[in-house]
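Reading the structure
Residue strings, one per chain:
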Amino acid sequence: MEIELFSIFYMIGMAIAVVGGGIRVWNWISSFPISESYKVITDIVKSAFSTFFSKKICYIIKGLFLGIFTKAKLRSSNISNGFFKVAFIIAYLLLIIAYHIKVENIPQLKSFPIYISFFIAPFADFYFLSKTSIESFTIADAFFGFIHDFFALIIISYLLFMIYKRVIRRVHLKINFEDIFCDAIIILWFVSKLMAETSTIIAFNIHSSIAKYWFFSYALSTMLKNLNLPWLTLYHILWNISGLFLGVLIASIPFTKLWHIIVGPIQILRRYSIGEKPIVISFGKKLSKPFDLRKLLETESFEVKIGIKTIKDMSWRQRISLEPCIRCGRCQDSCPAYAAGRELSPMEVVLNLNSSLKLIFISDILNFMAHVAKWLNFKNYISSLSEKSEKLLLLNGKLKDETVWSCTTCGACVAICPVDISNFEPLIERRRFLVTEGKLDSIKMDILKNLIEKSNPYGMPISDRDLWMKNLSVKTLKENPNPEYLYWVGCSSSYDKRNQNIAKSMVNILNKAGVNFVVLGLEERCCGDTLRRMGDEGRFQELALANIEVLKSYNVKKIITHCPHCYNTLKNEYKEFGGDFEVIHHSEFLLNLLKMGKIKLIKVIEEETLYHDPCYLGRYNGIYDAPRILLQMISNLKVKEFEKHHVNSFCCGGGGGNVWYEVPEKEKMSVLRIKEAEKIGVNLISVACPYCITMLEDALKTKGLEGKIKIKDIAETLSEVIGE
Amino acid sequence: MGLEGNYKGIMVYSEDIDTLFELISKSRELANQIQTDVSAILLGDRIEIIPNELAAYGVDKVYMVENPQLKGLIAEACAESISIIINRVKPEALFIGATKRGKELAPKIAEKLKTGCVSECVSLDIDKAKRDFIMKRIIFGGKVVSTHTIVKRPIIATIPPRIFEKKRIEGRAAQVIKIDLEIPSSKFEILEVKNKVVSGKKIEEASIVICGGRGLKQKEDFKLLDELANVLKGQVGCTRPIAADRGWFTEWIGLSGKKIKPNLYITVGISGAIQHVAGVRGAKVIVSINKDPEAPIFSESDYGIVGDLYKVIPALIEHLKKIK
Amino acid sequence: MKIVVCAKYALDVAELKISSGKPVLEGARRKVSDIDKNAVEAAISIKEKYGGIIKVLCFGPISAKEGLKELLAMGADEAYLIEDPSEGMLDTAATVEALALAIQKMDGFDLILCGEATIDGYTSQVGPRLAERLKVPQITYVRSIKIDGNNVIAERDLEDVYQTVKVPMPLLITVTREINTPRIPNLMAILKASKKPITIWKIEDLGLSKDKLEQISSLHTLSLEGFTVERKRIIIKDKPVDEAVQELISYLLKEKVLGV
């Protein structure tokens, strides 16, 4: 038997896809030494295999189906969308499996070796329908016929729905040719296939008792069979056309966003294999460690590459993680910086880098040509070729400085991304590069300088760090070396007169509850959150190591802090540097005191309060309930919610160092947040982060709402209701 | 101190005439305590000051050097001239006005004469018994007053303008001694001299800064601050919200903007968030005007007026104009 | 071009504490004087444009090595520390003597850069004295530097004018804060710089002795009186505007900050 044209189309398509896929894989591994490239590929293959043939397959199912579904449920008011997508993926996967089972059961195809029958599988009906008879027709064949049409219809309707959303409702973005092409080519493949089946049914006049299982094609055939067309010629042509569409579809996978079919699962798999719940972000709470200062000091080798100057400076994991983007635009919709009118769209960041990623191959070719030119002694070309090759990889145009500094690292984009892209990771990496090169403006330079010289971002004297505790009954570790808890105050509440009130409230509560606690006083330094998130990795590690040394020297075990930034850094980031402490956020600690009856309320708050989720507490660490329950317990009234709350919470604008510098924008994030609160109409906004207080109080003044709305830390409110 | 007995009299120099008068007045006072003379030095390629004007403040002798090499009062030529005069006259003290030119001149002379020098004295006294000069200056960023003597002669000290008062004494005359000197020609060539334009001056360099905050209701109200700045010869700035949120100006003062250390910083309608205060910590004197007595800025201020800025500022302008 | 930058490992005055009327100098924090960093930065930008070698020189305590490391990390090529035997009790004449002998021990210079003053003592004396001691011309209060052949063209910031001058090398320049923003070396640069050697000289290596320096040093300090610089917080309220304003002006006149 001869191989039909449609299979040849499919083969050509597959060949192109393999070459294209090869190029993309090349882009992942280029610039790594061969041994490492080999490791990269074997790692991916191994993890794929081990996952497929182990219990981890559950993760895939959970990741692909539950994951997408829960994400959609958590983050979108429109669950049907997520459900539809899940149905689409299931339909597609099952259909592919069905084809391959089917093709093995067609007797006349037995002569083909398996690698050929692979390319015949999608066209099994071409062979099956024309030769089948009522006698040999089995229930399995009927089942196949039914699910074929059923799944094809699900797929077509999902894609039509997507096109409708894009073109008519224009939900996400501008109409993009690539998006339409990707939707259309799948539709065309299935429509042409259904048409081919219809024409086969007519051409061979298949008995309705068989054909009816192909319910859609059959219905179509009853409508069309009266048309006087040369069906016997036509059916063959239609099968070939469908083969052509399939070939184009397969060939386009590595060249379009359809590539997410391949890399999306890899990404989701990674998330589920590290066991993160969808209510916290998978990237950001523990930034990557490009080097370990202790090791560098030991070995005295300081030649390390930090940050990304070119796209090739990204690790292969980072490169792969950008690729599943399908331009759904959810990250952009959720990004507070974008909403504020800053020069930042997390989606554009990913797309720009993706386009850069594709240039690696071209750059490598140019570089190869430069080598050839050198070998052939074409002097004129050598330098221009290698120059061009290098230029292609630079990220200057792709990641503008303004964009890089616009991010508050709030993580809303990462939380909402259906394929778990770490949108702001490249921004942090770029900051690391800019810091290493000293390419900062004087404002940011001063912040770093303050942190380096004075261990606080304000540049206030180190020796003033304990001024807040004057006249308070607080002991330092020096005075009480055997406390149960260390209360970590943080820079903001040590120096900022407004936020010192949080620390004072904490001291009042802890003393009232009889907690045996101390503070570090003058020995406390910045935790390093700002330094790390502004890209000064070296200084961060220096500070972290110094803090850990102090904490260890006093044998500190448990740390309470009211600052989510300190909390995140101490809890999640210090571990890698030998600092393993039990870190407790004050919201959970205070709630516990209340529940255990350690503190007595002398009154309750009678005001309605709105709770604002700090990014580093909620999205980063999954603490959503404790502050709400605490407020509930001390209030007569219900805790209200912002429109965007929990994992969707909208950043105050203070994270990632943004509280210390300005970025050009239309309207401040804090103002947008206050507007939201104004609409809801409350007098009290409760928060659990000093930066949120700074930012939101500033916005209150901007909006002229001072006096009308108050902003308080939960500790301040609690301190008020237990009396001085 | 064996030699010191030979050194007598107080000598002063400043290219700034008012400072010179002040130094003469102060020196007269000191010289009277130890019964000695006050002499002054005038340098220049053409001297326009009438030496007898100096007598009215209590000078006994005026040494005048007119020399083309002294054009532009280049430090090298001035130091050369003054040290020659000192070697001839042998005064026990040399006081130089601590203008920028004076401050680069004094240590040069001290080095030539191998003696000590106290910069920017804010107080000068004499221990009559020991015939020692007691000098105080402010160091360590204003936190410490140090008291010094110099064991060699002549002692050299620089004194900032407006530290001492000038006092006219009527009916005195001074002896004028013109000195011709060989001053070696200098390699120092002045190409251009530009006048500083007060308004074009960088806000970081201004010694008086007035800063407006959210208490100012509209952009036009900053004219009020401009007017105050005119009277005080200061500069006007604003806080971050005024520039970044309202967009009235492009630059602001604070941690995320310009960090400044003026002598006098006047805040108008500023509540005093830490991001602002941290940027002006170095200011010598902070004055705040705000209608809210609870505003945190008052705890960061040396002086404050609780009141409506639209009333306080015009009154302040009016009263300042009177004393100028 | 051979550039020597003189830097002081000064008291970090912001951290200085006053205890019962005296500054607590023992164990007080130190750092490289801010304006000296401007001088190093200026040297680096000259080197970047015109090439050369930058040597930083410090007269101070042995702990000044920490500060010199930072300057090496910024981009200085060599560092020299003359150990001060007197714990900072010598005057500028003695300091300059040590600096001058150290510079003479090096293989010549084209340019010496200093800050216009140091953050702690703020005497503004070392630059001009050193120029005089080494018999080279000086350009003080410089806010921009250009090199033109063998000449330096610099803009000076005087009280009322900006003066542009041209002086042949070798010479000494003192710079103002406004000349540049000193770079902050990243930690890697500091670690790398920690491998660059710091030459440490005892004063005896320069042919000096403690006695000799004390003889040169003629300035004696009788006392140091500290006062806490807290804001005075004199708030005038509930008074008629005119009265309040007059009161304020009288305070400001006493403070001598009105420029009248």
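Residues numbered from 1 in each chain as written. Chains lettered and ligands numbered in written order. Predicted model: local features only at pLDDT ≥ 70, side-chain atom pairs only at ≥ 80, totals over all residues. Heavy atoms only, no water.

Description of the overall build of chain C
Counted only if it meets this: A run of DSSP states H or I qualifies as a helix once it reaches four residues; a run of E qualifies as a strand once it reaches two. Both are numbered from the N-terminal end. The buried label applies to any residue whose accessible area, calculated with a 1.4 Å probe on protein chains only, is under 20% of its type's maximum; exposed applies above 50%, and partly exposed to all values in between. Note on contacts: a residue pair is in contact if any heavy atoms of the two residues lie within 4.5 Å. Just so you know, the count uses Lys and Arg for positive and Asp and Glu for negative, and it drops His and the chain ends. Every charge is mapped to an atom, namely NZ of Lys, CZ of Arg, CG of Asp or CD of Glu.
Helix and strand counts for chain C come out as seven helices and 15 strands. The buried share among the 260 residues of chain C stands at 57%. A separation threshold of at least 6 residues defines the contact pool for chain C, and within that pool the share at least 24 residues apart is 70%. Mean positive and mean negative side-chain charge positions of chain C (36 and 38 charges, respectively) differ by 3 Å.

A short note on helix α4 (residues 126–134) of chain C
All names here are of chain C. Of all nine residues in α4, eight are buried; the element is thus mostly enclosed. All buried positions along α4 are accounted for by G127, P128, R129, L130, A131, E132, R133 and L134. Taken from the residues just after α4, K135 is the one with a positive phi, measuring 55°.

Quick notes on the interface of chain C and chain B
Spelled out, the test is: Here the quantity called buried area is the total loss of accessible area, with a 1.4 Å probe, experienced by two parts when brought into contact, counted for both. Whenever Lys or Arg places a side-chain nitrogen within 4 Å of a carboxyl oxygen from Asp or Glu, that contact is recorded as a salt bridge. Pairing of N or O atoms within 3.5 Å defines a polar contact, subject to two protein rules: one partner must be a possible hydrogen donor and the other a possible acceptor, and residues neighboring in sequence count only if both atoms are side-chain atoms. Gly is placed with the polar residues, together with every amino acid not listed as nonpolar (Ala, Val, Leu, Ile, Met, Phe, Trp, Tyr, Cys and Pro) or charged (Asp, Glu, Lys and Arg). At least two DSSP bridges between two strands are needed for those strands to be called paired.
The partner chain B presents 79 residues to the 85 residues of chain C that form the contact. Approximately 7300 Å² of surface area, both sides summed, lies buried where chain C meets chain B, with 56% of it carried by carbon and sulfur atoms. Counting across the chain C and chain B interface gives eight salt bridges. B:K112 serves as the salt-bridge partner of C:E132, at 3.0 Å between the closest nitrogen and oxygen. Summed over the shared surface of chain C and chain B, the result is 49 residue pairs in polar contact (both at pLDDT 80 or more). Of the residues forming the side of chain C that touches chain B, the biggest block, eleven residues, is contributed by helix α7 (residues 241–255) of chain C. In terms of residue class, the side of chain C that touches chain B is built from 44 nonpolar, 16 polar and 25 charged. With six bridges connecting them, strand β11 (residues 189–195) of chain B and strand β11 (residues 161–168) of chain C associate as antiparallel partners. Bridge pairing in β11(C) links B:E189 to C:K166.

Things to note about the interface of chain C and chain A
With 20 residues of chain C at the contact, the number on the chain A side is 27 residues. Summing the contributions of chain C and of chain A, the shared interface buries around 1900 Å²; its carbon and sulfur component is 59%. Our count for the chain C to chain A interface comes out at six salt bridges. With its nearest N and O atoms 3.9 Å apart, the salt bridge here joins A:E303 to C:K192. At the boundary of chain C and chain A, one finds nine residue pairs in polar contact (both at pLDDT 80 or more). In terms of residues, the side of chain C that touches chain A owes the most to one element, helix α5 (residues 187–193) of chain C, which gives five residues. Class assignment of the residues belonging to the side of chain C that touches chain A gives a composition of seven nonpolar, three polar and ten charged.

Notes on the pattern of salt bridges
Considering all chains together, one arrives at 86 salt bridges over all chains under this definition. Of the charged contacts, one joins B:E22 and B:R162 as a salt bridge, the two residues approaching to 2.8 Å between their closest N and O atoms. With B:E22 in helix α1 (residues 17–33) and B:R162 in the loop between β9 (155–159) and β10 (175–178), the pair connects residues that are 140 residues apart, well separated along the chain. Residue classification places B:R162 among the partly exposed residues on the basis of a relative accessible area of 41%. The shortest N-O distance in the salt bridge between C:E70 and C:K37 comes to 2.8 Å.

Details of the domain arrangement of chain C
We count it as follows: Here the limits of each domain have been adopted from an automatic or database domain assignment.
Entries for chain C in the domain assignment read domain 1 (2–216) and domain 2 (230–260). On a C-alpha basis, the centroid separation for the pair domain 1 of chain C and domain 2 of chain C is 40 Å.

Here's the deal with the domain arrangement of chain A
Interfaces are often sized by the accessible area lost when the parts come together. Residue and element names in this part refer to chain A. Partitioning chain A into domains gives domain 1 (5–33 + 80–261), domain 2 (283–439) and domain 3 (443–722). Using C-alpha coordinates to define each centre, domain 2 is positioned 32 Å away from domain 3. At the interface, 35 residues of domain 2 touch 41 residues of domain 3. Together domain 2 and domain 3 conceal approximately 3000 Å² of surface at their shared face, both sides included; 58% is due to carbon and sulfur atoms. A per-residue breakdown of the area domain 2 buries against domain 3 is headed by K285, R342 and W405, which together make up 20% of the total. The interface formed by domain 2 and domain 3 contains two salt bridges. For E537, the salt bridge is made with R432, and the minimal N-O distance between the two is 3.0 Å. At the boundary of domain 2 with domain 3, the tally comes to 22 residue pairs in polar contact (both at pLDDT 80 or more). Going through the elements one at a time, α13 (293–299), α16 (336–339), α19 (401–406), α20 (412–416) and α21 (425–437) are the ones with two or more residues in the side of domain 2 that touches domain 3.

So, the packing of helix α3 (residues 75–89) of chain B against helix α4 (residues 100–113) of chain B
Residue and element names in this part refer to chain B. Heads up, the condition is: Each axis is a line fitted through C-alpha atoms, and for a helix only the stretch in contact is used; angles between axes span 0 to 180 degrees, taken between their N-to-C directions. Note that the term roughly parallel is reserved for angles under 35 degrees, roughly antiparallel for angles over 145, roughly perpendicular for angles of 65 to 115, and oblique for everything else. A clockwise turn of the near helix away from the far one marks a right-handed crossing, whereas an anticlockwise turn of less than a right angle marks a left-handed crossing.
Where α3 meets α4, the closest approach of the two axes is 9 Å, and the angle between their N-to-C directions is 50°. Here α3 lies oblique to α4, going by the angle between them. When you trace α3 past α4, the crossing you get is right-handed. Along its contact with α3, which presents A75, E76, C78, A79, E80, I82, S83, I86 and N87, the element α4 presents E104, L105, K108, I109, K112 and L113. For the contact of α3 with α4, a count of residues per class yields eight nonpolar, two polar and five charged.

With respect to the sheet that holds strand β3 (residues 558–561) of chain A
Residues and elements named next belong to chain A. Spatially, four strands are ordered β2-β1-β3-β4 in an open sheet, and the strand pairing comes out parallel. Each end of this open sheet is capped by a strand with a single partner; those strands are β2 (517–518) and β4 (582–585). Strand direction decides the pairing type here: strand β1 (residues 485–488) and β3, joined by three bridges, are parallel. Note on β3: the bridge partner recorded for Y487 is I560. Of the strands in this sheet, β1, β3 and β4 are in contact with helix α27 (residues 564–573), which crosses β4 at around 160°. Docked against the sheet, helix α28 (residues 586–595) engages β1, β3 and β4, running at close to 75° with respect to β4.

Section: the sheet that holds strand β6 (residues 639–641) of chain A
Two modes of strand pairing occur in sheets, parallel and antiparallel, and in both the strands are linked by backbone hydrogen bonds. Residue and element names in this part refer to chain A. Pairing is parallel in the open sheet, where four strands are placed in the order β6-β5-β7-β8. Both edges of this open sheet fall to β6 and β8 (710–713), since each of them pairs with a single strand only. Along the sheet, successive strands turn relative to each other by an average axial angle of 35°, direction set aside. Alignment of strand β7 (residues 684–687) against β8, held across four bridges, turns out to be parallel. Residue pairing in the sheet places I685 in a bridge with I711 of β8. Together, β7 and β8 form the strand contacts of helix α32 (residues 714–722), whose direction differs from that of β8 by roughly 90°.

Some points on unusual backbone geometry
Following B:R153, the chain continues to B:P154 via a peptide bond in cis, the omega torsion being 0°. Structurally, B:P154 can be placed in the loop between β8 (144–150) and β9. Of the consecutive residues C:M169 and C:P170, the connecting peptide bond is found in the cis state with omega at 0°. Secondary-structure assignment places C:P170 in the loop between β11 and β12 (171–175). One non-glycine residue, A:N471, adopts positive backbone phi at about 65°. Taking the relative accessible area as the measure of exposure, A:N471 reaches 80% and is therefore exposed. Phi at B:K233 takes a positive value of approximately 55°, unusual for a residue other than glycine. Looking at the element boundaries, B:K233 is found in the loop between α5 (222–232) and β13 (235–238). Using a relative accessible area of 62% as the deciding quantity, one classes B:K233 as exposed.

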